[in-house]
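Each chain, written out:
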Amino acid sequence: MPAKLILRKEIFEVKSGMTVRSALEKLEILPESVLATRQGELMTDDELIEHGDEIKLISVISGG
Amino acid sequence: MKCKTCGEKAAINMRQHKLALCKEHYLSWIPAQAQRFIAKYKMFSPEDKILVAISGGKDSLALWDILIKLGYQADGLYIGLGIDGGFGYSDKSLHFCQRFADRRGLKMIVVDVAETYGSSIPELNSKTPRGKDKPCAVCGTSKRNLMNRVAREGNYDVLATGHNLDDEAAVLFGNTLNWLDNYLLRQGPVLEAEHSGLVRKVKPLFRFYEREMAAYALLKGIDYIYDECPHSEGAKTIYYKEILNQLESNRPGTKLIFYLNFLKAKERGVFAEPEIRKEEMKACESCGQPTMAPHKCAFCRLVENT
Ligand code: SF4
Ligand SMILES: [Zn+2]
Ligand SMILES: [Zn+2]
């Protein structure tokens, strides 16, 4: 079962076993512009994405 | 990754500081850093009465939270712009601010532009002769005027806004791309009141990355409005922030150095004084704030026309 990354209304599928940072890079999402959360907990960039994870990405950039 | 302080699992890693912290230590690190910057840049002291401009977004609510935690006397100011955008943007953002203030028993001043002046920001904008599709210019003029007005009327010593490093670096990037020397001269974390009609302005979060403030709000359980003002979409600021974040991804610390070195250059006198200084500007006949116009300032003329 692959893992899911959710950013606003978009859902991306990624393979488990990769780090958050490499998943973001693969999807061309700047790591600086989001926070990754799993079950409400913040994840650091080096954490491994596990089977069936649903990772919510919180966009941190606002228009100001 | 492990917390540098306690060795537990880290909640956040800040590459620009080579620092990873767990939730508990992050939540104490941020206010401690804020206090360092407040002192270093001589922003205010515990005796000062502070007015915090709040929008319902993560930065301004986090700022208010931090100031209260540090023991400062800080009241909130919410300006109701009357922007709907199909999802009740202004109503929603007021709701987040109200709830934040109520839960903590804090004082919040609400100024609703439509109630006070008869027209909302989008309405004021459509009535201007140069009415553009985006109300941002009218909105900016109005917010500035009202913040000064409320701060002076309430005898506040200082107005604090939630601008973070990404906000400031993006503005600096725009100002530099266009060599807007007057703007560059006036950009900074502390703006003295250069005219009797103005209040002193400070930005206590200016050294924190936007990502750090979002993490603080999240870990602290601060509910904020995640949706943007509908007019900010496609704004230049976001575009500049993205460019800076691309640089940051390859070289952590780039944004911070860009901004801090600008402040140092300014101290060395790289930018010349403008020809017209604020003290020499006239006071608006109606509100007393500085203006180049002969009688009334842009904001007072704007609300009079309606
Ligand atoms: S984006 Fe919205 S809040 Fe910001 S200046 Fe424009 S209208 Fe005002
Ligand atoms: Zn810790
Ligand atoms: Zn005026």
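Undergrad: Explain the site of ligand 1 here, please?
TA: As a matter of local geometry, ligand 1 sits amid B:Leu81, B:Ile83, B:Pro135, B:Cys136, B:Cys139, B:Lys143, B:Cys229, B:His231 and B:Ser232. In the shell around ligand 1, the residues fall into six nonpolar, two polar and one charged.

Undergrad: What am I meant to see in the coordination of the zinc ion (ligand 3) here?
TA: Any two of four tetrahedral donors ideally make an angle of 109.5 degrees at the metal, while pairs among six octahedral donors ideally make 90 or 180 degrees. All names here are of chain B. Here the zinc ion (ligand 3) is held by Cys284 (SG), Cys287 (SG), Cys297 (SG) and Cys300 (SG), and the distances to it run 2.3 Å. With four donor atoms in place around the zinc ion (ligand 3) and angles of 106 to 115 degrees between them, the coordination shape is tetrahedral. Coordination of the zinc ion (ligand 3) draws on donor residues from a single chain, spaced C-x2-C-x9-C-x2-C in sequence. Of this pair, Cys287 sits in the loop between strand 9 (282-283) and strand 10 (290-291) while Cys297 sits in the loop between strand 10 and helix 12 (298-304), and the two are ten residues apart along the sequence. Grouping residues by exposure puts Cys287 and Cys297 together as buried.

Undergrad: What's the story with the sheet that holds strand 3 (residues 49-54) of chain B in this structure? I'm lost.
TA: Across a sheet, strands are paired by hydrogen bonds formed along the backbone, either parallel or antiparallel in direction. Residues and elements named next belong to chain B. Overall, mixed pairing links the six strands, which are arranged 5-4-3-6-8-7 in an open sheet. Each having just a single partner strand, strand 5 (108-112) and strand 7 (190-191) make up the two edges of the open sheet. The pairing of strand 3 with strand 6 (residues 158-160) spans three bridges and is parallel. Paired with Leu51 across the two strands is Leu159, which belongs to strand 6.

Undergrad: Before we go on, may I ask you to explain the nonpolar core in this structure?
TA: Soluble globular proteins tend to bury their nonpolar side chains together. Residues and elements named next belong to chain B. Counting residues in hydrophobic clusters, the biggest one holds 64 residues, and the most contacted among them are Tyr26, Phe44, Ile50, Trp64, Leu67 and Tyr216. In terms of residues, this core owes the most to one element, helix 1 (residues 23-40), which gives seven residues. Apart from residues no more than four positions distant in its own chain, Ile50 is found in contact with Phe44, Leu67, Tyr72, Gln73, Ala74, Asp75, Tyr156, Val158 and Ala160. The next biggest cluster of nonpolar side chains, apart from the first, holds 31 residues, and it includes Ala53, Leu77, Leu81 and Ile121.

Undergrad: What should I look at first to understand the interface of chain A and chain B in this one?
TA: Contact with chain A, which involves 23 residues of that partner, is made by 30 residues of chain B. Buried area between chain A and chain B, both sides added, is near 2300 Å², and the carbon and sulfur share of it is 54%. For chain A, the biggest contributors to the area lost against chain B are A:Glu32, A:Leu42 and A:Ile61; these three give 28% of the whole. Our enumeration of links across chain A and chain B arrives at three salt bridges. Note that B:Arg211 and A:Asp45 form a salt bridge whose closest N and O atoms lie 3.9 Å from each other.

Each value, and the rule that gives it
- Residues numbered from 1 in each chain as written.
- Chains lettered and ligands numbered in written order.
- Predicted model: local features only at pLDDT ≥ 70, side-chain atom pairs only at ≥ 80, totals over all residues.
- Heavy atoms only, no water.
- Near = heavy atom within 4 Å.
- Nonpolar A, V, L, I, M, F, W, Y, C, P; charged D, E, K, R; others polar.
- Donors = N, O, S within 2.8 Å, 3.2 Å for Na, K, Ca; no water.
- Tetrahedral: all angles 85-135°; square planar, octahedral: opposite > 155°, others 65-115°.
- Helix = DSSP H or I, 4+ residues; strand = E, 2+ residues; numbered from the N terminus.
- Buried < 20%, exposed > 50% of the residue type's maximum accessible area, 1.4 Å probe, protein only.
- Pairing = 2+ DSSP bridges.
- Core = buried A, V, L, I, M, F, W, Y, C linked by side-chain atoms within 4.5 Å.
- Contact = heavy atoms within 4.5 Å.
- Buried area = accessible area lost by both parts, 1.4 Å probe.
- Salt bridge = Lys/Arg side-chain N within 4 Å of Asp/Glu carboxyl O.

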